Amino acid sequence: MSLFEARNITKQFGSLTALDKVSIFVPEQCIYGLLGPNGAGKTTLIRIINQITGPDSGELFLNGKKLMPEDVYTIGYLPEERGLYKKMKVGEQALYFAQLKGLTKTEAMRRLKYWFKKLDIVDWWGKKVEELSKGMQQKVQFITTVLHEPKLIIFDEPFTGFDPVNANIIKNEILFLRERGATIIFSTHNMGSVEELCDNITLIDKAKTILEGSVNEIRRKWAAHEYDLVFHGNVRVEENNLFKILSHQNENDKTEIRLKTKEEIASNDILKTVMNAGNLISFNPSLPSMNEIFIRVVESRH
Amino acid sequence: MNKISVIIKREYITRVRKKSFIIMTILAPLLMASMVILIPVLMLSGDKEFKKIAVIVNGSDQFKEGLKNIIPDTEDEKFEYLPGVDVNDLVKTFDAAGYYGVLYITPEVLNTPQLYSKKQPPIGLLEHISSSLQKEIEKQKLLGYNIQNLDSILMQIRTNVSVSTRLVDESGKLTETSTDVAMGLAYFGGFLMYMLVFLFGAQVMRGVIEEKTSRVVEVVVSSVKPVQLMMGKIIGIALVGLTQFMIWVFLTVGAVTIVKSTVLGKAAIPEITQNLPGDIMSENQPVTEASQSTEMSPELTEISKVFDNAMNQHWLLIFITFIFYFITGYLLYASVFAAIGSAVDNETETQQFMLPVTIPIIFALLVAMGTMRNPESSISFWFSIIPFTSPIVMMARIPFGVPFWQLAVSMVLMVVTFIAFVWMAAKVYRTGILMYGKKTSWKEMWKWLRYSG
């Protein structure tokens, strides 16, 4: 069952259509990627999920029930353009946002202590936000997003502004949150992190959904009948009527070959023709990166 | 509701804790007081440049003799009587000769003497010349009637009239009042209203812009409705304004009580006269030590009377109407300011929107100044009814007494208008705070008004 559903969401700003019958289905405990070029309508969709703006038509469901104003307490949101009150102290600010999310002061304090310790920013409690580095501010903001233990968390470009070490910390925290039962919607341009983290994605372009499904399935579908083979030693494989050789490399006592079949055929049939050539150590359908798919899909429409 | 209170609390506490708030709260009354004292002092002192003025009188010898030295020298002006000089020559050279100007008097234009100068002469100088001449001419004319003992008669008939006013209410009760006090209060009330509404309204705008440019707003509105954020901010800042106002009221009441009990208390007079500036001291010198402790000097009696008259004002009414107009006027303007703040990306962009908002306020202030002279004029009446100007103008009218129905109409209109504006501002605000990078126009804002949720 989907934890969150958006059905046929349409939103117009004057004559501009920001979303045109967009639907997403986010399974429970899934990391769901929301992709698309700039101006595609992602932010509008995220704002609608957060009930910052309402859709012109379409329906939203959380846990199978219609999305209600009180549901903001079970949703966490880290916007792309994030901000904190610059003149306010870090601790006070975190408390303020926690209270806006419905936590009592004592409960908020208890959880804040835990998170500040966990992300190693206890010393910054009494500092003003403007004294913090950007990465530090991001950490504070991350904490305010997840503090009320939301069931659904929306991260819009969560890794920008982080150095690789801190980005990794945040990545692990996201995985940890999923482990603990949270469902995550994750909007990004960083396709590497999509492959790494996302289970499912929806690709939006010009207000419409143009690609959706699980990451693995999509990559398999877009794999243009290409396979990577690795042989032990120096091996030579010849083209035949089943496939063409795209590349043939011999390095470090290994031979790497990429081939492309002429049509859809069972991998066993390919294996049969190459097995005799030498000692095969790996055979993989070559999956295109999400980056390639993104570019190909979007460019084909422009 | 709970969330609004969280927002109000934040807005209130962060502002009240600021150093600038504490400094303003203490400094503003001092500044006000010094302004009240300084402006008359500066106005009286005028420009201190010494002026030498040549006086040329034409006509018969008798006429010349009669007008000789009739304009007395003052501290800053010296009038030099130059017989036998041609005015046309001197007009060309007076500057080089060290004269500020040339005063030319002939029998033909006795009532309109001519003053030649390089610069526009100050009003004080002109008044001095005309009053001196006027007195002299009147005296000359009186002399023509051959009245005996003219000088002593003139001394005897010199009088000074000051009207003391008593208001009669329906029950026939008399209250001694003072138009001076009413004028002072009108000025003060109108100006304070203007300051508070504008100052704190602009603070709302700055707060909204700060939230928008720092992008805090996106996080906040994912937890609360934009309207809640807007109202929380407006109410929070209103409370800051009320707090400041209350502190000022307490300080004033405290100061007045202290002044009344010490300065105007009879026993304290000797100390005071010692502390008063020299010129008042010298006037008080004839009063002996003994009489000082038993009776007040004339100046202090006067001040004491003003104080008593001030006490007779309807303080409670003034206080209540002030609070009412501050709250409603502030809500009206603050919501407009909030809408403007939401529509722009930074403070410099607010200029184009500020003008239409500032104009009614400036008008109100101008009318309020006129109201002090003529509280019953129809322009004062209308401006105290129209919601955009009524808070300031009504405050200027209140000390002179306003019919109940006018106050009621003005207040009802005010409430209706502020509700309408808060509602419209909320709609503009809701769309505006999430719009970036686009220059907004009034037309655009009008469109936002009609967007659905």
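This is a predicted model, so every value here is computed, not measured. Per-chain numbering applies: the sequence of each chain, read as written, is numbered from 1 onward. Labels are handed out in written order, letters beginning with A for the chains and numbers beginning with 1 for the ligands. Since the coordinates come from a predicted model, pLDDT governs what is reported: local features require at least 70, and pairs of side-chain atoms require 80 or more to be given and counted, while whole-chain, interface and lining totals use all residues.

### Digging into the overall build of chain B
Within chain B one finds 19 helices and six strands. Here chain B, with 453 residues, has 28% of them falling under the buried criterion. Relative to all contacts within chain B whose residues are 6 or more apart in sequence, the contacts with residues 24 or more apart total 75%. Under the scheme used here, helices are H or I runs from DSSP no shorter than 4 residues and strands are E runs no shorter than 2 residues, and both carry numbers assigned from the N terminus. Three exposure classes are used, based on other C-beta atoms lying within 10 Å of a residue's own C-beta, which is placed from the backbone: buried for 20 or more, exposed for 12 or fewer, and partly exposed in between. By the criterion used throughout, residues are in contact when their C-beta atoms, derived from the backbone, lie within 7 Å.

### Let's talk about unusual backbone geometry
All names here are of chain A. Although it is not a glycine, Glu-157 adopts a positive phi angle of roughly 50°. Relative to the helices and strands, Glu-157 resides in the loop between strand E7 (152–156) and helix H5 (164–179). Judged by the 18 C-beta atoms lying within 10 Å of it, Glu-157 falls in the partly exposed class. Despite not being glycine, Ala-207 shows a phi value in the positive range, around 75°. Overall, Ala-207 belongs to the buried group, with 22 C-beta atoms counted inside 10 Å.

### Some points on the packing of helix H14 (residues 315–343) of chain B against helix H18 (residues 404–432) of chain B
In helix packing, the relevant descriptors are the interaxial angle and the interaxial distance, both defined with respect to the helix axes. Residues and elements named next belong to chain B. Relative to each other, H14 and H18 sit at 20°, their axes nearing to 8 Å. Relative to H18, the element H14 lies roughly parallel. Between H14 and H18 lies a crossing whose hand is left-handed. Facing H14, whose interface residues are Phe-324, Thr-328, Leu-331, Leu-332, Ser-335, Val-336, Ala-338, Ala-339, Ser-342 and Ala-343, H18 presents Met-411, Met-414, Val-415, Thr-417, Phe-418, Phe-421, Val-422, Ala-425, Val-428, Tyr-429 and Gly-432. Of the residues assigned to the contact of H14 with H18, the class counts are 16 nonpolar, five polar and no charged. Geometry is summarised by axes, namely lines fitted to C-alpha atoms with helices restricted to the contacting stretch, and by angles between N-to-C directions that run from 0 to 180 degrees. Comment on the angle field: the value is read as roughly parallel under 35 degrees, roughly antiparallel over 145, roughly perpendicular from 65 to 115, and oblique elsewhere. Two helices crossing with the near one rotated counterclockwise from the far one by less than a right angle form a left-handed crossing, whereas a clockwise rotation gives a right-handed crossing. Amino acids outside the nonpolar list (Ala, Val, Leu, Ile, Met, Phe, Trp, Tyr, Cys, Pro) and the charged list (Asp, Glu, Lys, Arg) are all regarded as polar, and Gly is one of them.

### Re the domain arrangement of chain B
Domain parsing of chain B yields domain 1 (51–144) and domain 2 (176–264 + 296–449). Throughout the structure description, domain borders are defined by an automatic or database domain assignment. Relative placement of domain 1 of chain B and domain 2 of chain B: their C-alpha centres are 51 Å apart.

### As for the interface of chain A and chain B
In this assembly, 20 residues from chain A lie in contact with 18 residues from chain B. The biggest single contributor to the side of chain A that touches chain B is helix H2 (residues 90–100) of chain A, with four residues. Of the residues in the side of chain A that touches chain B, the class split is 10 nonpolar, five polar and five charged.

### Let's talk about the domain arrangement of chain A
Often, the extent of an interface is quoted as the loss of accessible area upon association of its parts. Taken domain by domain, chain A consists of domain 1 (2–219) and domain 2 (224–286). Distance between the C-alpha centres of domain 1 of chain A and domain 2 of chain A: 43 Å.

### Here's the deal with the nonpolar core
Ranked by internal contacts, the top residues of the largest apolar core, which has 135 residues, are Ile-154 and Ile-184 of chain A together with Ala-338 of chain B. Among the elements that take part in this core, H14 of chain B stands out by supplying 14 residues, more than any other. Residue contacts for Ala-338 of chain B: discarding those within four places in its chain leaves Val-204, Met-205, Val-208, Met-230, Ile-234, Ala-425 and Tyr-429 of chain B. A set of buried residues drawn from Ala, Val, Leu, Ile, Met, Phe, Trp, Tyr and Cys, joined through C-beta atoms within 7 Å, is what defines a nonpolar core.

### Some points on the pairing of strand E10 (residues 208–214) of chain A
Residue and element names in this part refer to chain A. Strands pair, by our definition, only if DSSP identifies at least two bridges between them. As judged from the six bridges shared by strand E9 (residues 200–205) and E10, these two strands associate in the antiparallel manner. By the bridge assignment, Leu-203 is partnered in E10 with Leu-211. Between E9 and the antiparallel strand that follows it, E10, lie two residues; Lys-206 among them carries a positive phi value of about 45°.

### Topic: helix H1 (residues 42–49) of chain A
Residue and element names in this part refer to chain A. Of all eight residues in H1, eight are buried; the element is thus mostly enclosed. Lys-42, Thr-43, Thr-44, Leu-45, Ile-46, Arg-47, Ile-48 and Ile-49 are the residues of H1 that are buried. Note on H1: the residue one or two positions beyond its end, Gln-51, has a positive phi of about 60°.

### Observations concerning the pairing of strand E6 (residues 75–78) of chain A
Residue and element names in this part refer to chain A. Side chains Ile-75 and Tyr-77 of E6 all project onto a buried face; the interleaved residues Gly-76 and Leu-78 project onto the opposite face, where all are buried too. Bridge analysis of E6 against E7 gives four bridges, and the strand direction is parallel. Residue pairing in the sheet places Gly-76 in a bridge with Ile-153 of E7.

### What to know about the sheet that holds strand E3 (residues 101–105) of chain B
Residues and elements named next belong to chain B. Ordered by their spatial adjacency, four strands build an open sheet running E2-E1-E3-E4, and the pairing between neighbours is mixed. Each end of this open sheet is capped by a strand with a single partner; those strands are strand E2 (77–81) and strand E4 (114–117). In this sheet, adjacent strand axes meet at a mean angle of 25° when their direction is disregarded. Pairing of strand E1 (residues 51–57) with E2, which is carried by five bridges, proceeds in the parallel orientation. Note that in E2 the partner of Ile-53 across the bridge is Phe-79.

### Digging into the packing of helix H7 (residues 179–213) of chain B against helix H15 (residues 351–373) of chain B
Residues and elements named next belong to chain B. Two elements in contact, H7 and H15, have axes separated by 9 Å at closest approach and are oriented at 170°. The orientation of H7 relative to H15 falls into the category roughly antiparallel. Between H7 and H15, the contacting residues are Met-183, Ala-186, Tyr-187, Gly-190, Tyr-194 and Phe-198 on the first element and Ile-361, Leu-365, Ala-368, Thr-371 and Met-372 on the second. Of the residues in the contact of H7 with H15, the class split is nine nonpolar, two polar and no charged.

### A look at the confidence of the model for chain B
Fine structural detail should not be taken from predicted coordinates in areas where pLDDT scores are low. Residue and element names in this part refer to chain B. As a per-residue quantity, pLDDT reports the predictor's confidence and falls between 0 and 100. Summary statistics for chain B give a mean pLDDT of 79 and a share of 83% for residues scoring 70 or more. For residues 266–294, every residue scores under 50 in pLDDT, and the model assigns this stretch 19 contacts once sequence neighbours within four places are set aside. As a predicted assembly, this complex carries a pTM of 0.73 together with an ipTM value of 0.78.

### Looking at the sheet that holds strand E5 (residues 65–66) of chain A
Residue and element names in this part refer to chain A. The four strands lie next to each other as E2-E1-E4-E5, forming an open sheet whose pairing is antiparallel. Unpaired on one side and paired on the other, strand E2 (16–27) and E5 mark the two borders of the sheet. Strand direction decides the pairing type here: strand E1 (residues 2–13) and strand E4 (residues 57–62), joined by five bridges, are antiparallel. Along E4, the bridge assignment pairs Glu-5 with Phe-61. Sitting on the sheet, H1 touches E1, E2 and E4, and the angle it makes with E1 is about 120°.

### Considering the environment of Asn-63 of chain A
Residue and element names in this part refer to chain A. Considering the arrangement of structural elements, one finds Asn-63 in the loop between E4 and E5. On the neighbour-count criterion, Asn-63 (16 C-beta atoms within 10 Å) is partly exposed. In sequence terms Asn-63 and Gln-12 are 51 residues apart; their C-alpha atoms lie 27 Å from each other.

### Quick notes on the environment of Leu-413 of chain B
Residue and element names in this part refer to chain B. By the secondary structure assignment, Leu-413 is in helix H18. For Leu-413, a count of 15 C-beta atoms within 10 Å puts it in the partly exposed group. In the structure, Leu-413 is positioned 18 residues away from Thr-431 in sequence and 28 Å away in space, judged by C-alpha atoms. Setting aside anything within four residues of it in sequence, one finds Leu-413 in contact with Ile-385 and Pro-387.

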